[in-house]
Amino acid sequence: MADVRGRPLIRYAADALLGLHLDERFAVVSSDDVQSALPDFEPVVVDPADNQQSDSLKAGLNAAQDHAADRVLLVLGDMPLVTPQILRDVLALAGFDRASAVTDGARRMPPACFPVSMFPNLLAMQ
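All chains use their own residue numbering, which begins from 1 and follows the written sequence. Residues qualify for local features only when their pLDDT is at least 70, as the model is predicted, and side-chain atom pairs are given and counted only at 80 or more; totals for whole chains, interfaces and linings, by contrast, use all residues. Excluding hydrogens and water, the side-chain figures rest on all heavy atoms present in the structure.

(A) Layout of the nonpolar core. Among the buried residues, those of types Ala, Val, Leu, Ile, Met, Phe, Trp, Tyr and Cys that are joined through side-chain atoms within 4.5 Å form a nonpolar core. Think of it in three bands: with a 1.4 Å probe and only protein chains considered, a residue is buried below 20% of the maximum accessible area for its type, exposed above 50%, and partly exposed in between. The biggest cluster of nonpolar side chains holds 21 residues, and the ones touching the most others in it are Leu-17, Leu-38, Leu-73, Val-75 and Leu-87. In this text, helices come from DSSP runs of H or I with a minimum length of four residues, and strands from runs of E with a minimum of two, each type numbered from the N-terminal end. Sorting the residues of this core by element identifies α1 (9-18), β3 (26-29) and α4 (84-93) as the ones contributing at least two each. If you tally residues by element for this core, the top one is α1, at five residues. Whether two residues are in contact is decided by their heavy atoms: any pair within 4.5 Å suffices. Leaving out residues up to four positions away in the same chain, Leu-87 has contacts with Ala-16, Leu-17, Leu-20, Leu-73, Val-75, Val-82 and Pro-111. Grouped together as the second largest cluster of nonpolar side chains are seven residues, Leu-61, Val-72, Ala-112 and Phe-114 included.

In structure tokens, the structure reads:
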């Protein structure tokens, strides 16, 4: 919820996602403030107590599975430089049998897109 150039940080990633045609939009949230800042997203609420990053990922993947998603686009809330075009590029490079992600040339990182075939491995992560 930190202010970045006059807007809550979370809104940059949210607005980039709103620039895409997506079947569903979920926001994994652990606070009422963040949830209220994302009215265009279906909230997936996680308990902040003893919550690990993998718990948030699992909650989002479970929501995607509940909606019969064939893939998921993972975007973090602290990405003020992400644009709809970056997200479109990640989606375009992903397939139903392969993931895609942004890279700095040395490592892969979100935003990332994962096909449903990878959900079991992602759900097993700690």
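So that's the structure; there's more coming.
(B) Quick peek at the pairing of strand β7 (residues 108-115). Pairing of strand β5 (residues 71-74) with β7 involves four bridges; the strand directions are antiparallel. Across the sheet, residue Leu-73 finds its bridge partner in β7, namely Cys-113. Any two strands with at least two DSSP bridges between them are considered paired. Bridge analysis of strand β6 (residues 100-103) against β7 gives four bridges, and the strand direction is antiparallel. Residue pairing in the sheet places Val-102 in a bridge with Met-109 of β7. Counting the residues that bridge the hairpin from β6 to β7 gives four residues, and of these Gly-105 lies at a positive phi of roughly 95 degrees.

Keep in mind that these numbers describe shape and distance, not what the molecule does.
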